[in-house]
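Commentary on secondary and tertiary structure
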Amino acid sequence: MPEMTYAAAIRSAIEWEMEHDPRVFIMGEDIGVYGGAFGITLGLVEKFGKDRVRDTPIAEEGIVGAGIGSALVGMKPIVEMQFSDFIVNAMDQVVNQAAKIHFMFGGRMTVPLVIRGPAGAGTGAAAQHSQSLEAWFHHIPGLKVVMPAFPDDARGLLLSAIRDPNPVIFFEHKLLYKTVGEVPDSYEGIPLGSGVIRRHGSHATIITYSLMVHRTLEAAERLAAKGWDLEVIDLRSLVPMDIDLVVESVKRTGRLVVCHEAVGRGGVGGEIAARVMESEAFDYLDAPLLRITGLNTPVPYSPPLEEAFMPSVDRIAQTLETWLECEVVTQ
Amino acid sequence: MNRATEQAISKDATLEEAIRWFRTMLTIRRFDETIDELFASGKVHGTTHLYIGEEAVATGIIGALDSGDVITSTHRGHGHNIALGGDVRAMMAELLGRETGYCRGYGGSMHIADQSLGNLGANGIVGGGLPIAVGAALGFVMQKQPKVVVAFSGDGALNEGAFHEAANLAAIWRLPVVFVVENNLYGMSGSVKEMFAIGHLAERASGYGIPATMVDGNDVFSVWEAGSQAVQVARSGGGPTLIEAMTYRYKGHSKSDANRYRSREEIRDWRKRDPITHLEQHLSSHGVDHTMLNEIRDEVVQVIADALKYAEESPWPNPEILEDSVYTREDKTGA
């Protein structure tokens, strides 16, 4: 199986679909000869031409809307947001148009559209280039939301996202672009809505996604040396969400932790917790919920401030350890 | 009206077309009058935006389109769908919230679409359809289909950022889009005199490198002629055009409107320039028999009455499937 970076895996999915489906094209800011701000589309314009790898003006609302319109007449557009924060400029088209068209028109039309781009902090890009806004889109019926943590998932999930007849928000993490992994060179996509148990354990279930999968796994390894046995679930997609996997795991471990980089308030973690409370897993809970999230602030610039904002391996491990000592030892 | 249009109507085929437009405009008016009555009597809920007074714009522009061309519509969109040949029974049922409605009762007045006729959808967001229209045109160009997209909007939409981005995209990519601005002088209560610092909205197009033209939006022939030219330019690869159609809505912006921002005299004066009366006079002067026109009028009244009956007798939609209607498993797009 070939090894490639997360960034190359994303490119590979785009390239594969463009080769095999003439309806697929990509547009965005500086994605042509520049190759995209993060190099995701490097080489694609040379291979597919300027029509299908389309440089656009700096006009997020316009290009997302153009993606929707092209989808309505039979194309399968991928729209790149140079930074996922810029999708805020396109919110009418994302929320009032793309998400609603299928439902609002009584199922007569569909919008097979992928909006993808880099999310997350850790690069010193400050408040307007570092956010994790997935909770906004997770809140909107009609959108699917995907956030892969590994190169093989990035490729497989993006293949499925492009083939999906619904609008899909696909958030990549900037700090993962250079990570390397084995990526199957297959046609098969990974179904949206299937989570994965990355680490089996018995003391608690940690639900996470994107960059925090890596940090949570590292924290869990550290705590394993101290005798704690933690289960880590990588959701991979937030809508649809593999809630059955979560519920089954919590029933086994009796303890629930959610960990995400996005700010805690109104975050996806709260929804995960609520769904567990509503489920049969409630009766198995032996501890109150623990949320480990980004602070309820904008993302700051200075390195020590930015580090304080986002959950680090240290913060995750320490928070977990304190909580475990309190909740498990006192049983 | 200029000489070119006079000549055009002297041809039988075009006279036939004009009679068809008469029927279309009457249908739009009778439909929206009926909706107005239904709202006034509390028989339908929500809100609605009536096209009464503006019928010549949709009729003339859509008369210039070929089968396969598409439009994006607006919150004031009933007229657009009827001009495309939309099913008034399904429209009426939609407004009454019934299962047999265009959107199975999921959309209502502001969300009627009929992809089979080329209506990519009305839109509750001012300007929201403009980037979508541009995208549809982009799709057609990429598919090498010689189709044209008409993006309807009101005057108010020209102050939305979406218009700016859509107009620029259409211009730089020379897309087959015709921006049709139905300038009815008010965005809700906001007068174009107060909300624009330019005399004519068409002037704005030059900032994008888009040619523009102004027409009397109450004269279906002028609208049709301007539309035909713009459509021909678009279809032959000449890029977008903006048409500013001067018109007027007789009714308020929506159900809540008490008309405090405009005078009775103004409404009265515009009613004297009624687009249907104008067309009727023109047809008469070209020898079309009054009996025939009255027959059409009677037929239209009956068609709308039947549509209302159909809608009232239609079943309500089933709430149990609501949550299963958000996502699709099947890709239904494609022209």
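Procedures and definitions
Residues numbered from 1 in each chain as written. Chains lettered and ligands numbered in written order. Predicted model: local features only at pLDDT ≥ 70, side-chain atom pairs only at ≥ 80, totals over all residues. Heavy atoms only, no water. Helix = DSSP H or I, 4+ residues; strand = E, 2+ residues; numbered from the N terminus. Rg over C-alpha atoms; globule rule 2.2 N^0.38 Å. Buried < 20%, exposed > 50% of the residue type's maximum accessible area, 1.4 Å probe, protein only. Contact = heavy atoms within 4.5 Å. Areas by Shrake-Rupley, 256 points an atom, 1.4 Å probe, with all protein chains shown as cover. Lys, Arg positive; Asp, Glu negative; His and termini not counted. Charge placed at Lys NZ, Arg CZ, Asp CG, Glu CD. Phe/Tyr/Trp six-rings, centres within 6.5 Å; stacked < 30°, edge-to-face > 60°. Lys NZ or Arg CZ within 6 Å of the ring centre and 35° of its normal. Expected span 1.5 Å × (residues − 1). Pairing = 2+ DSSP bridges. Polar contact = N/O pair within 3.5 Å; in protein donor to acceptor, adjacent residues only side chain to side chain. Patch = residues over 30% accessible without salt bridge, like charges linked within 9 Å, V, L, I, M, F, W, Y side chains within 5 Å. Salt bridge = Lys/Arg side-chain N within 4 Å of Asp/Glu carboxyl O. Axes fitted to C-alpha atoms, helices over the stretch in contact; angles between N-to-C directions. Domains from an automatic or database assignment. Buried area = accessible area lost by both parts, 1.4 Å probe. Nonpolar A, V, L, I, M, F, W, Y, C, P; charged D, E, K, R; others polar.

Next up on the list: the overall build of chain B. Scanning chain B from terminus to terminus reveals 12 helices and 7 strands. At 19 Å, chain B has a C-alpha radius of gyration in line with the 20 Å of a compact globule built from 335 residues. If one aligns the C-alpha atoms of chain B with their principal axes, the spans along those axes are about 50 × 50 × 45 Å. In chain B, buried positions account for 58% of the 335 residues. Long-range contacts, defined as pairs at least 24 residues apart, comprise 74% of the intrachain contacts of chain B with a sequence gap of at least 6. If you sum the accessible surface of chain B, you get close to 13,900 Å²; carbon and sulfur atoms cover 49% of it. The averaged location of the 44 negative side-chain charges in chain B is 2 Å from the averaged location of its 31 positive side-chain charges.

Per the stated rule, a full pass over the model turns up 14 aromatic pairs over all chains. With 5.1 Å between their ring centres and 5° between their planes, Tyr248 of chain B and Trp270 of chain B make a pair best called stacked. Taken as a pair, Tyr248 of chain B in the loop between β7 (241-246) and α10 (264-271) and Trp270 of chain B in helix α10 lie far apart in primary sequence, 22 residues in all. For Tyr248 of chain B, a relative accessible area of 0% gives the class buried. If you follow Arg163 of chain A out to its NZ or CZ, it ends over the ring of Tyr187 of chain A, 4.1 Å from the centre. When the ring centre of Trp316 of chain B is taken as origin, the NZ or CZ atom of Arg98 of chain B, which lies over that ring, is 3.9 Å away.

Residues and elements named next belong to chain A. The first and last C-alpha atoms of helix α7 (residues 211-224) sit 20 Å apart over 14 residues, in line with the 20 Å expected at 1.5 Å per residue. Among the residues of α7, those classed as buried are Leu211, Met212, Val213, Arg215, Thr216, Leu217, Ala219, Ala220 and Leu223. On its buried face, α7 is in contact with β7 (168-173), β9 (196-199), β10 (204-208), β11 (230-234), β13 (256-263) and α11 (313-327).

Take the pairing of β10 of chain A next. Residue and element names in this part refer to chain A. β10 sits mainly inside the fold: 5 of its 5 residues count as buried. Going residue by residue along β10, you find Ala204, Ile206 and Thr208 tucked away on one face and Thr205 and Ile207 tucked away on the opposite face as well. Relative to β11, β10 runs parallel, the two sharing 5 bridges. Bridging from a neighbouring strand, Ile207 pairs with Ile233 of β11. Note: β10 against β13, 4 bridges, orientation parallel. Note that in β13 the partner of Thr208 across the bridge is Cys259.

All names here are of chain A. Its place among the elements puts Thr208 in strand β10. Within the structure, the side chain of Thr208 is placed 2.8 Å from the backbone oxygen of Cys259, a separation counted as a polar contact. Apart from the residues within four sequence positions on either side, Thr208 is in contact with Val213, Thr216, Val232, Ile233, Asp234, Leu235 and Cys259.

Okay, a nonpolar patch on the surface next. Residues and elements named next belong to chain A. Taken together, the side chains of Met277, Phe282 and Leu289 define a hydrophobic patch exposed on the protein surface, amounting to about 250 Å² of accessible area. Counting through the fold element by element, Met277 comes out in helix α9 (residues 268-278). Assessed through its relative accessible area of 34%, Met277 is described here as partly exposed.

All names here are of chain B. In space, the 5 strands of this open sheet follow the order β1-β2-β3-β7-β6, with parallel pairing throughout. One side of each edge strand has no neighbouring strand; the edge strands of this open sheet are β1 (70-72) and β6 (212-216). Across the sheet, the axes of successive neighbouring strands diverge by a mean angle of 20°, strand direction being ignored. Direction of pairing for strand β2 (residues 149-154) relative to strand β3 (residues 177-183): parallel, over a ladder of 6 bridges. Bridged to Gly154 within β3 is Glu182. Across the face of the sheet, helix α6 (residues 129-142) comes into contact with β1, β2 and β3 while running at roughly 175° to β2. Relative to the sheet, helix α9 (residues 220-235) contacts β3, β6 and β7, its axis offset from that of β6 by approximately 160°.

Residues and elements named next belong to chain A. Partitioning chain A into structural domains gives domain 1 (3-182) and domain 2 (196-327). Distance between the C-alpha centres of domain 1 and domain 2: 27 Å. On the side of domain 2, 27 residues touch domain 1, which itself brings 26 residues to the contact. Surface buried jointly by domain 1 and domain 2 totals about 2,100 Å² across both partners, of which 64% is contributed by carbon and sulfur atoms. Connecting domain 1 to domain 2 are 2 salt bridges.

The next thing to look at is the interface of chain A and chain B. The partner chain B presents 44 residues to the 48 residues of chain A that form the contact. Here chain A meets chain B over a buried area of about 3,700 Å², counting both sides, of which 63% is carbon and sulfur. When the buried area of chain A at its contact with chain B is split by residue, Val73, Phe103 and Arg108 of chain A rank highest and sum to 19% of it. If you look at where chain A meets chain B, you find 1 salt bridge. With a shortest N-O distance of 3.3 Å, Asp114 of chain B and Arg108 of chain A are connected by a salt bridge. Our count for the chain A to chain B interface comes out at 16 residue pairs in polar contact (both at pLDDT 80 or more). At the level of elements, β2 (24-28), β3 (53-55), α3 (60-72) and α4 (91-104) of chain A are the ones that each hand at least two residues to the side of chain A that touches chain B. Sorting elements by how many residues they give to the side of chain A that touches chain B places α3 of chain A first, with 11 residues. A breakdown of the residues in the side of chain A that touches chain B according to their chemical character gives 22 nonpolar, 15 polar and 11 charged.

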